[in-house]
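What the coordinates show
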Amino acid sequence: MSNDDGMTKSESRNASAGLRHLNIRISFVIRHSCVVIASAFHSCAYHVGWLWTRLLFGCIAQIHVVGRENANCSGGFLLAANHISHFDPFLISLVVQRKIDWMTMAEFFRPRGLGFLLRAIDAFPAERDRADRKTIRTAIDRLKNGRVVGLFPEGGIRDGVRSVLEGAPLRPGAATLAHIAGVPILPCVILGSDRLYSAKQWLPLRRTRIWIAFGTPISHFPELQRSEARERIGSQLAAAFNNLYAELRRELQLTPDDLPHSPRERMKHCRASSRRGDLAVTGISNRRGWHANLENALRRFASGTVDSLLCASINFLHRRHRLNGSSREQMERYVVMCEALSPHQYYSAPNVIARNGESDSEPTVDGIRDSRMATLSWRSPIQTAFAANNVACVELFRTDARKWERTPTVFLLHALMSTSPTGHHRWAESFNELGWNACFVHLPYHFSRVPAGYWNGELAITPDLIRNAEALRQGVVELRQLMNALREHGCREFGVLATSYGGWIGALLATVEPDLRFVALMAPIVNVDHAIWQSPAARRIRHELIRANIEPSLVARHFQLSSPLHCVPRCDPARVLFVTGEFDSIAPAEQIAAIQRKWHGSELLRVRQGHFGHRMMRETITRLKARGDF
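These lines cover the structure that appears in this document, whether it is placed above or below. Keep in mind that this is a model prediction, so the values were computed, not measured.

1. Thoughts on the packing of aromatic side chains
Tallied over the full model, the rule gives 11 aromatic pairs. Consider the rings of Phe 386 and Tyr 445, whose centres lie 6.0 Å apart with planes at 80 degrees: the pair is edge-to-face. Taken together, the positions of Phe 386 in the loop between strand S8 (373-379) and strand S9 (391-397) and Tyr 445 in the loop between strand S11 (437-442) and helix H14 (465-487) put the pair 59 residues apart, joining distant regions of the chain. Tyr 445 sits in the buried class, given a relative accessible area of 2%. Here a set of aromatic residues connected by ring pairs shows up, and it is made of Phe 57, Phe 87 and Tyr 197. Against the face of Phe 221 rests Arg 232, its NZ or CZ located 5.1 Å from the ring centre.

What follows is the structure, given as structure tokens:
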């Protein structure tokens, strides 16, 4: 018999079976493809994270490894380490050639963003206070599949008598996992990473020493009963920790400061903790204190990562700018010429005369359009070898297109290599609402002034120190010209809101201009000596200066004109607000605090970020409003 389509029952059954087989194959292919894609994603995420970690800690840490060959064994194994800081898993992963799946506290997975990043690198959550069957199954499955699982059998950060290094007991979880999964345990001891809680250790060229030692893998003793095997593994693991610790102390002659200390001891009750009531110290709430320390460590790590990546980018660009054999002689001639000048003379506009006998290098506000935003441009009085940089440019945001005169004006000075003016434009509009005109200034070699073939701001800071100094001079002189032009229209009060490189120019402006209602300098470059010879953003600059035999003493002869720390303000210091990032390695907080003390009467505001971040602007505006500057 046949159906309506002319097929017999046998043919219909065969067709149905064929479709089922086809569906099964398609389902298998889809599942297999998803597994392959997921595996590739996790592998890529791990390697990207490893590279970022390498860039970060490669700048601030010097890692010494003992017994590295023990960590390069094949097959699955459990890596068990002592735990003295939140940086331990990152540092250990750097020196082990294989990918490590870290068993991580479940608290870290609760923020969605952080949880996604941790899962992307194959970390998995574990509850600290109870055994989680899902966590145990995950760890055993990965170990049996030949992967490396990392954990800290102490159950948290420990130091002193609470540490396994001082004889404290281990939790039995590591021994249980190793025996059930049938894999060895690799003991690991790490020392020195707890010193990274101190902000000083993140300064450039400090290279904090860290020691990591791997012992001989411990068998899982398959021939013994479970309880006996767990006890044997636990005792051998504890002995291995003690032996590695003693070996490191004996062979490397470690000092008491090299040995583990608690995070709060290393941070020395930092200001951030004080603002939170110093809960960890007073003992009001150990749990809340732990979370405060954790948040502080994560902020420091994130800030250090961003700062290090951007410093690496700047140093990479500096490779395009090399000094020549006559660089030292040129520098010496320039310094000799400048030594006879006062700051007022150095930052005065030269009188540039055009063919018609009139000044050809002054901004004019007359005749600007009736729109609230107008662009002012004029020939810079400081001429350089790049035509694009020789035209000064300012975007003027007025409170009212017709009634803006006799209104106070704030100058917005951006950072080095700022990516976009959009944020400054939004702040300019906010200042308009507060009754202030706002000027977004295109600093030398930035935005409209970038020569063809170069990145935004690339030429502002390079190993060519003469060009650097002339760019600073150019920025200050043009601002003074703009202030004079606005004074002619009745503007008598001015403010400065400046960031990083712009803060450097703003600080120099304050040394020659008394007519400033406020000067807010966010993460400014204030100590040129530190900026050249210690900053992580100037490694390539130092290399070129040393190669050209330009010594620090020669550069220091220009500091009275270019280094705010070596100058005195002409405006009232009480009008100056210095803002520093607590985790800043480019313009460190101690450098900002030093100039704040020298400029007696100025104010210092600390913000919990690195050199690069968005929190600083918001908190600075809030503080200026509270001071009554607006």
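2. Re the packing of helix H13 (residues 422-433) against helix H21 (residues 615-627)
One way to put it is that H13 packs onto H21 with a least axis distance of 13 Å and a crossing angle of 15 degrees. Considering their axes alone, H13 and H21 lie roughly parallel with respect to each other. In this structure, H13 crosses over H21, and the sense of that crossing is right-handed. Facing H13, whose interface residues are His 424, Trp 427 and Phe 431, H21 presents Met 617, Arg 618 and Ile 621.

3. What to know about a positive patch on the surface
On the surface, a cluster of positive charge is contributed by Arg 119, Arg 133, Lys 134 and Arg 137. Locating Arg 133 in the fold gives a position in helix H4 (residues 133-144).

4. Observations regarding the pattern of salt bridges
This structure, assessed with the given rule, holds 24 salt bridges. Where Glu 544 meets Arg 540, a salt bridge forms, and the shortest distance between an N and an O atom there is 3.4 Å. Taken as a pair, Glu 544 and Arg 540 lie in helix H17 (residues 539-547) at a separation of 4 residues, close to a single helical turn. Just as Glu 544 is buried, Arg 540 falls in that class too. Residue Asp 629 is joined to Arg 627 by a salt bridge in which the shortest nitrogen-to-oxygen separation is 2.8 Å. A residue is classified by how much of its surface remains accessible, and Asp 629, at 9% relative accessible area, is buried. Taken together, the shared-partner salt bridges in this structure form one network comprising Lys 99, Asp 101, Asp 122, Arg 142 and Arg 147.

What counts, and at which threshold
Residues numbered from 1 in each chain as written. Predicted model: local features only at pLDDT ≥ 70, side-chain atom pairs only at ≥ 80, totals over all residues. Heavy atoms only, no water. Phe/Tyr/Trp six-rings, centres within 6.5 Å; stacked < 30°, edge-to-face > 60°. Helix = DSSP H or I, 4+ residues; strand = E, 2+ residues; numbered from the N terminus. Buried < 20%, exposed > 50% of the residue type's maximum accessible area, 1.4 Å probe, protein only. Lys NZ or Arg CZ within 6 Å of the ring centre and 35° of its normal. Axes fitted to C-alpha atoms, helices over the stretch in contact; angles between N-to-C directions. Parallel < 35°, antiparallel > 145°, perpendicular 65-115°, else oblique. Left-handed = near helix turned anticlockwise from the far one by under 90°. Contact = heavy atoms within 4.5 Å. Patch = residues over 30% accessible without salt bridge, like charges linked within 9 Å, V, L, I, M, F, W, Y side chains within 5 Å. Areas by Shrake-Rupley, 256 points an atom, 1.4 Å probe, with all protein chains shown as cover. Salt bridge = Lys/Arg side-chain N within 4 Å of Asp/Glu carboxyl O. Lys, Arg positive; Asp, Glu negative; His and termini not counted. Charge placed at Lys NZ, Arg CZ, Asp CG, Glu CD.

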